[in-house]
Amino acid sequence: MVSDNFKPIAYPDIEKYELFKKKGNIMYCIGTIENDSFIIVPNEQVSLILRLLKLMNGKLSVSDIQKFAKENNMSIDIKSLITKLGRAGLIKNFNEHYKFSELQLFSFSMLSIDISLFCNYIKKRGMFLTIILILMLIVTILYVTIFLPSRISFNFNNIIKYDNSYLKNIILSLIFTIPCFLVHELGHIIFATRYGLTSNKLNMGLYYFVIPIVYVKIQGLYALPPFKRVRVLIAGIVFNFIFGLSCLFMWYIFEIEIFKTLFFVNIQIAFLNLTPFTFSDGYFIFSIVIGEPNLRYQYYKFLAGIVNKKFRYKLTFKQLIYIICSIVITILYIIVQVKVLDNVLYETLQKYGFGFSQERRFFIYTAMNILIVSALYLFIYKRSIKYLNATLAKDF
């Protein structure tokens, strides 16, 4: 809690922005594009808080602002308000840093690259690139729908193999993951620059310390109206679909298997980002569409509350459905990935003359699933406690 003599300095560009509509009512957030920090506030308090923020210019102390609030019949605790705003990143000289996100706590950062010059280039050439990709998509869709069915029968087992090998396909998929993620982020950057936003850093890391991720943080995204925000968020998914289908087109034209792997990786990235039950573009789009903020926060709060009574609370119906679906999707994703590993292991052992019965193979497969799911949720639980304690200023 701040002292009476503390003189807060709020960012000068703080304004209110429409977050989304919920049951016909508009929900607002206030924030600063300069520091890329936003916080949800109740509609009835928006004008009051913005008025008080004007007083936070480094000249008035907390006691001065509290006196002003009392004289103007403002029933608000100034110390508590400044603490929340400071932890949310809206006060320049606030020393406590609580700007944590799920990405920061549940992933390991490996690399950060300055892409400001690239973003400036995209700002000038973005529309040209978009037109080329749209033309590629049109040509690919025409080919796939008209000529492809007569040429080949689609077999999923062929898609997840390269040169008739699961192992080779996994190795190539890992190699192509980064370039395909770059295609995804290019979509975000092109549409963000169209709306006057930019990103200075390209980040690479491991989500849950296992899953490779590449992402850009669009500065000021929440300053956009909801429909424009959705366009920026969905652009990456669309670009992966376009590039993936184009690779499918090239595969069947030239019969080069490398394009098949590129198709598989792009479509996998697109679907993973489309699902709202992971920390993805789909989650943020889903939140905007249904008008429900902080669903991931509630998800981790629920998981922590299973063991720790401190975090138990009454769930709404939407939150309950989201949490159940998130758990199911996570477990299904693990089952699919373990199946791929099982195929690689079985294939490798057979190659070197080793093997085991289907019963033993099923037992190992089941044990691997149980072990990985248990280890993952133990890790999530421990990180959830840290996440919940860190994000003390999610909203009012």
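Before reading further, recall that the structure is shown in the block above.
Owing to the predicted nature of the structure, the values given are computational and were not obtained by experimental measurement.

(A) Focus on unusual backbone geometry. Within the chain, N164 stands out as a residue other than glycine whose phi angle is a positive 60°. Counting through the fold element by element, N164 comes out in the loop between α7 (156-159) and α8 (166-194). At E255, a position not held by glycine, the phi torsion is positive, near 55°.

(B) Examining the nonpolar core more closely. Residues L221 and V232 are the most contacted members of the largest nonpolar core, which totals 49 residues. Top contributing element to this core by residue count: α8, with 10 residues. Look past the residues within four positions of L221 in its chain and what remains in contact with it is D36, L197, R229, V232 and L233. Y11, I49, M56 and I82 belong to the second-largest nonpolar core, a separate cluster that totals 28 residues.

(C) Fine view of the sheet that holds strand β6 (residues 211-216). If you trace the 3 strands from one edge of the open sheet to the other, you get β4-β5-β6, paired in antiparallel fashion. In this open sheet, the two strands that pair with only one neighbour each are β4 (107-114) and β6. Neighbour to neighbour, the strand axes of the sheet diverge by 20° on average, direction disregarded. Alignment of strand β5 (residues 201-207) against β6, held across 6 bridges, turns out to be antiparallel. Paired with N203 across the strands is Y215, a residue of β6. Across the sheet, α8 is in contact with β5 and β6; its angle to β6 comes to roughly 30°.

Reading guide: rules and limits
- Residues numbered from 1 in each chain as written.
- Predicted model: local features only at pLDDT ≥ 70, side-chain atom pairs only at ≥ 80, totals over all residues.
- Heavy atoms only, no water.
- Helix = DSSP H or I, 4+ residues; strand = E, 2+ residues; numbered from the N terminus.
- Core = buried A, V, L, I, M, F, W, Y, C linked by side-chain atoms within 4.5 Å.
- Buried < 20%, exposed > 50% of the residue type's maximum accessible area, 1.4 Å probe, protein only.
- Contact = heavy atoms within 4.5 Å.
- Pairing = 2+ DSSP bridges.
- Axes fitted to C-alpha atoms, helices over the stretch in contact; angles between N-to-C directions.

By themselves, these are just geometric observations and shouldn't be taken as functional.
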